[in-house]
Amino acid sequence: MPEDKKEKVTITPDTILANTQGMQMGVKVTKREAPTLIVMEQYGTVPFAFNLNLHIRPLEEGCELQLELDAELSMMIKMMLKWKAERFCRSVYNTIGRRLEPQVSKPGSYE
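Thoughts on the side chain of T15
Topologically, T15 is positioned in strand β2 (residues 15–20). Its relative accessible area of 14% is what places T15 among the buried residues. In this structure the side chain of T15 is engaged in a polar contact, spanning 2.6 Å, whose partner is the side chain of T12. Each residue touching T15, except ones within four places of it in the same chain, is listed here: T10, V27, K28 and Y43.

What follows is the structure, given as structure tokens:
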């Protein structure tokens, strides 16, 4: 993560919160089914409700990760937030991937 962005992102075992453009957008863990599923929902001052499901498939080496975003958005919000939502999902995906990487060699250790 770029140095100038680090102070704007807070990561705990159950939350990821980013301060951007006067808003605190983030996700918090609401359910875990180790080692295959993590369910998150909106956290902070997010202008719409959503769930983010992380499906994890352990492989012989590493794992495969699939993100599923479930949100009901009006057409106007879709147009305004589409690229931000895609960027946010990529950021979550990359952050979780980096956090899981050291644990992949120990199957079942990431909860």
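Some words on the pattern of salt bridges
Using the criterion set out here, one finds four salt bridges in the structure. Across the pair D14 and R32 runs a salt bridge, and its minimum N-O distance is 2.6 Å. Highlighted residues: D14 in the loop between β1 (9–11) and β2 and R32 in strand β3 (residues 23–33), separated in sequence by 18 residues. Given the relative accessible area of 36%, D14 is considered partly exposed. Residue R32 is classed as partly exposed on the basis of its relative accessible area, which comes to 37%. Across the pair E64 and R57 runs a salt bridge, and its minimum N-O distance is 2.3 Å. For E64, a relative accessible area of 41% gives the class partly exposed.

Concerning the nonpolar core
Counting residues in each nonpolar core, the largest one holds 18 residues, and the members touching the most others are V27, I38, M40, F50, L52 and L54. When contributions to this core are tallied by element, the ones reaching two or more residues are β3, β4 (37–44), β5 (50–58) and α2 (75–100). Per-element tally for this core: the top contributor is α2, with five residues. Residues contacting F50, with those up to four places away along its chain left out, are G26, V27, M40, E41, Q42, L69, D70, A71 and F88.

Topic: the sheet that holds strand β6 (residues 63–71)
Read from one edge of the open sheet, six strands run β1-β2-β3-β4-β5-β6, paired in antiparallel fashion. Strand pairing shows two members of the sheet lacking a second neighbour, β1 and β6, which therefore form its edges. Neighbour-to-neighbour, the strand axes of the sheet open up by a mean angle of 20°, direction not taken into account. Examined bridge by bridge, β1 and β2 share three bridges and lie antiparallel to one another. Paired with V9 across the bridge in β2 is A18.

The rules behind these values
- Residues numbered from 1 in each chain as written.
- Predicted model: local features only at pLDDT ≥ 70, side-chain atom pairs only at ≥ 80, totals over all residues.
- Heavy atoms only, no water.
- Helix = DSSP H or I, 4+ residues; strand = E, 2+ residues; numbered from the N terminus.
- Buried < 20%, exposed > 50% of the residue type's maximum accessible area, 1.4 Å probe, protein only.
- Polar contact = N/O pair within 3.5 Å; in protein donor to acceptor, adjacent residues only side chain to side chain.
- Contact = heavy atoms within 4.5 Å.
- Salt bridge = Lys/Arg side-chain N within 4 Å of Asp/Glu carboxyl O.
- Core = buried A, V, L, I, M, F, W, Y, C linked by side-chain atoms within 4.5 Å.
- Pairing = 2+ DSSP bridges.
- Axes fitted to C-alpha atoms, helices over the stretch in contact; angles between N-to-C directions.

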